[in-house]
Amino acid sequence: MSEKFDYDVLYIGAGHATFDGAAPLAETGVSVGVIESGLVGGTCPNRGCNAKITIDEPVKVTREAERMNGILDGDLSINWSKNIEHKQEIIDGLPQDLTDRLENAGAKIIHGHAEFKDDHTVLVDGEEVTADKIVIATGLKPHRLDIPGTELAHDSEDFLNLKTLPKKITIIGAGYIGMEFATIANAAGAEVTVMLHADKVLRKFYQPYVEKVVADLKKRGVTFIPNASVKSFEADGDSYQVNFGDNQTITTDWILDATGRIPNLDGLGLDKVGVKYDQSGVYVNEYLQTNVESIYAAGDVVSNDLPKVTPAAYFESKYLMKLFSGQTDQPIEYPVIPSVVFTSPRIAQAGISVEEGEKKGFDITESDLANYWYYKVDREPIAAGKQIHDKDGKLVGVTEVSDQAPDAVNALLPAIEFKMNSEQIGRLIGLFPTIGYAAWHRA
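Attention here is on the structure that accompanies the text. The residue numbers shown here count from 1 along each chain, following its written sequence. Since the coordinates come from a predicted model, pLDDT governs what is reported: local features require at least 70, and pairs of side-chain atoms require 80 or more to be given and counted, while whole-chain, interface and lining totals use all residues. Hydrogens and waters are ignored; side-chain quantities use all the structure's heavy atoms.

## Concerning the state of the cysteines
Here is step 1 of the chain: For this text, the term disulfide refers to a pair of cysteine sulfurs within 2.5 Å. This model, assessed by the stated rule, comprises one disulfide.
Here is step 2 of the chain: Bridging C44 to C49, the disulfide has an S-S length of 2.3 Å. Because the torsion about its S-S bond is -130°, the bridge between C44 and C49 counts as left-handed.
Here is step 3 of the chain: Buried, partly exposed and exposed residues are distinguished by accessible area as a fraction of the type maximum, computed with a 1.4 Å probe on protein chains only: under 20%, between the cut-offs, and over 50%, respectively. The exposure class of C49 is partly exposed, given its relative accessible area of 33%.

As C-alpha cells, this is what we get:
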C-alpha cells in the first residue's frame, strides 16, 4: 500500500466497470477503495439488465405458449404485480452479495458522493480521500427531455418498479429501452404508443430485421408515431397529455422518457482537475487513461464507439486490474463485442455489420431460420440470420432475429474473434440438438 495516499487505486462508482476488476485487484495486495453514492452494483444488477430480463421472462413464455397453441391447452396471462415481486426477489440480494465480494477481497467501500479536489484527491461528502490512481466508473444515467412538463415523465427505473401497470403507456424513444419496455408492457396488457424522434427504430440494428419486430408489435396493438416532435407534457386530471407535431395531442396514463442515456458526470468536478470530456463521455487513451495522468475511466462513461453493454465494462475493468497489478503494460485490445435487444423476437449481432460487409464486397448469406427444423420445434414465425464471410471465407459478422438469437450469436463468437478457418471450425463438435450446434454450421 502507498504510504503517500490512502489507497493505491480508488474507484468512483461500484458497477461492473469497477467490481469485476476491483475485487481481484485487491486480492493481489493492491489497496483498493470504492466510492458509491447508491446501491453497490450500479445500474445493471439493480435497475437494468437483471431486473429487465426477469420481468421479460413471462413475455418469452407467453409468446412460446401462443405459438404452441393446440399442443398446449389454455391461455396464459401475465400477473404484473407478481412479476414485479419476483423481480425484487431476484435483485434484492445482489448489492450485499457484491459488497461481500469486494470486502472479502480486501477492498474498502466508501458510501457517499465523490467530487474531485485535485488529481489525487476526492471529497466524499466533504471528507478527503486520496489515491495514487483514480478510476471514473460512474456509468450513464437517463436522459430527460428539455421540454415543459418533463417532470411528469418517468425513467426506466420507474418502469421497473411499477406496482400496477397503467392502462395506457406512452413511450418517447425507440431505442433499446423504449422497444424492450414497449414489448413487455404490451404483452402484459397495456395500450402502448411509441413516439419516435425520427423515422427509424433501433437504428444500430439491421433494419430489415427491425422492421419484422415492429410489424409484429403493430399486429399486437402497439402504435408507432414517427417524427413525433414532442413539444410538452401536461397533467389532465388523473391522466396526462402529450403535445407533439403540429398541434397534435394524445392522452395517456403514464409517460416513459426513453430518449437515451448520457454520461453520469454531475457534480464530479472534472473541470476542476482538467479532465477532458463532452456529452459522449470521458476521453481516454489506449490505456483507459484520461489526459490527467493519475485519472482513468472505464465502462459506459467512456467516450468511444463501442456498444454500451455490461460485458464491455467487465472487459475494461479486468484490463485495468491487470494494468494496475503489473500483469500487463500493453494497451487494451478489445475483442468482438456483441449486442442484443430483448424484444420478442430478439435481435442480436456481432462483428461487422451487413452494410459494412456489402461495402467491402464480402460474401453475405441469409438463412431462412423459420423453416429450419430446430426453430420449427416451437414454431418460431420470425427467424432469420445473415452471415458475413470475408474474402478468405472466414466469418467476420453475424446478425439474427429470433427468440434464439442471443444463444446463436454467442455460439458464433469464437469463430469471429479467433478468425477460425474451416478446418478449425470442423474440429468442434457441439451438443446436439441445440441452437448452438445449429448456429455453428453457419460459421
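Let us keep going from here.
## Let's talk about the sheet that holds strand β20 (residues 346–351)
Here is step 1 of the chain: If DSSP finds at least two bridges between two strands, the strands pair. Strands are runs of DSSP state E lasting at least two residues, helices are runs of H or I lasting at least four, and both sets are numbered from the N terminus onward. Ordered in space as β19-β20-β23-β22-β21, the five strands form an open sheet in which the pairing is antiparallel. At either margin of the open sheet sits one strand with a lone partner, and together these are β19 (339–341) and β21 (363–367). For this sheet, the mean angle separating the axes of adjacent strands, direction not counted, is 10°.
Here is step 2 of the chain: Here β19 pairs with β20 via three bridges, running antiparallel. Note on β20: the bridge partner recorded for V341 is I347.
Here is step 3 of the chain: Against the sheet, helix α13 (residues 405–417) makes contact with β19, β20 and β23 (395–402), and its axis sits at roughly 175° relative to β23, the strand it touches most. Note on geometry: axes are C-alpha line fits, over the in-contact stretch for helices, and angles between N-to-C directions span 0 to 180 degrees. Residue contacts follow a heavy-atom distance rule, with two residues in contact if any of their heavy atoms lie within 4.5 Å.

## Thoughts on the nonpolar core
Nonpolar side chains tend to gather and get buried jointly when the protein is soluble and globular.
Here is step 1 of the chain: Of all hydrophobic cores here, the largest spans 48 residues; its most connected members are W80, F159, V194, V201 and F224.
Here is step 2 of the chain: What F159 contacts, discounting residues up to four positions off in sequence, is I55, W80, I169, F181, I184, A185 and W254.
Here is step 3 of the chain: Counting residues in hydrophobic clusters, the runner-up holds 30 residues, among them V40, L98, Y296 and L320. Nonpolar cores were defined as sets of buried Ala, Val, Leu, Ile, Met, Phe, Trp, Tyr and Cys residues, with membership established by side-chain atoms within 4.5 Å.

## Here's the deal with the pattern of salt bridges
Here is step 1 of the chain: Basic side-chain nitrogens of Lys or Arg form a salt bridge, by our definition, when they fall within 4 Å of a carboxyl oxygen of Asp or Glu. Per the stated rule, a full pass over the model turns up 16 salt bridges.
Here is step 2 of the chain: The shortest N-O distance in the salt bridge between R346 and D56 comes to 2.7 Å. Of this pair, R346 sits in strand β20 while D56 sits in helix α3 (residues 49–67), and the two are 290 residues apart along the sequence.
Here is step 3 of the chain: Using a relative accessible area of 1% as the deciding quantity, one classes D56 as buried.

## A short note on the packing of helix α1 (residues 16–27) against helix α5 (residues 94–105)
Here is step 1 of the chain: α5 packs onto α1 with a crossing angle of 25° between their chain directions and a minimal axis gap of 7 Å. Relative to α5, the element α1 lies roughly parallel. On α5, the residues that touch F19, D20, A22, A23, A26 and E27 of α1 are L98, R101, L102 and A105.
Here is step 2 of the chain: Residue polarity follows a fixed list, in which Ala, Val, Leu, Ile, Met, Phe, Trp, Tyr, Cys and Pro are nonpolar, Asp, Glu, Lys and Arg are charged, and the others, Gly among them, are polar. Here the contact of α1 with α5 is composed, by residue class, of seven nonpolar, no polar and three charged. When describing relative orientation, an angle under 35 degrees is termed roughly parallel and one over 145 degrees roughly antiparallel, while 65 to 115 degrees is termed roughly perpendicular and anything else oblique.

## Quick notes on helix α8 (residues 207–219)
Here is step 1 of the chain: Here a helix's expected span is defined as the number of its residues, less one, multiplied by 1.5 Å. A rise of 1.5 Å per residue sets the reference length of α8, with its 13 residues, at 18 Å; its end C-alpha atoms lie 18 Å apart and thus fit the reference within 8%.
Here is step 2 of the chain: Of the residues making up α8, those classed as buried are Q207, Y209, V210, V213, V214, D216 and L217.
Here is step 3 of the chain: Of the residues one or two after α8, G221 is the one with positive phi, at around 105°.

## Section: helix α7 (residues 176–187)
Here is step 1 of the chain: Between its terminal C-alpha atoms α7 stretches 17 Å, which fits the 16 Å expected from 12 residues at 1.5 Å a residue.
Here is step 2 of the chain: Within α7, nine of the 12 residues are buried, which leaves the element mostly enclosed by the surrounding structure.
Here is step 3 of the chain: Of the positions making up α7, those classed as buried are G178, M179, E180, F181, A182, T183, I184, A185 and N186.
Here is step 4 of the chain: G189 sits one or two residues past α7 and shows a positive phi near 110°.

## Examining the sheet that holds strand β13 (residues 248–252)
Here is step 1 of the chain: Taking strand neighbours across the sheet as the criterion, the three strands line up as β11-β12-β13 in an open arrangement whose pairing is antiparallel. Here the strands that pair on one side only, and so sit at the sheet edges, are β11 (230–236) and β13. The average angle at which neighbouring strand axes cross in this sheet is 20°, direction not considered.

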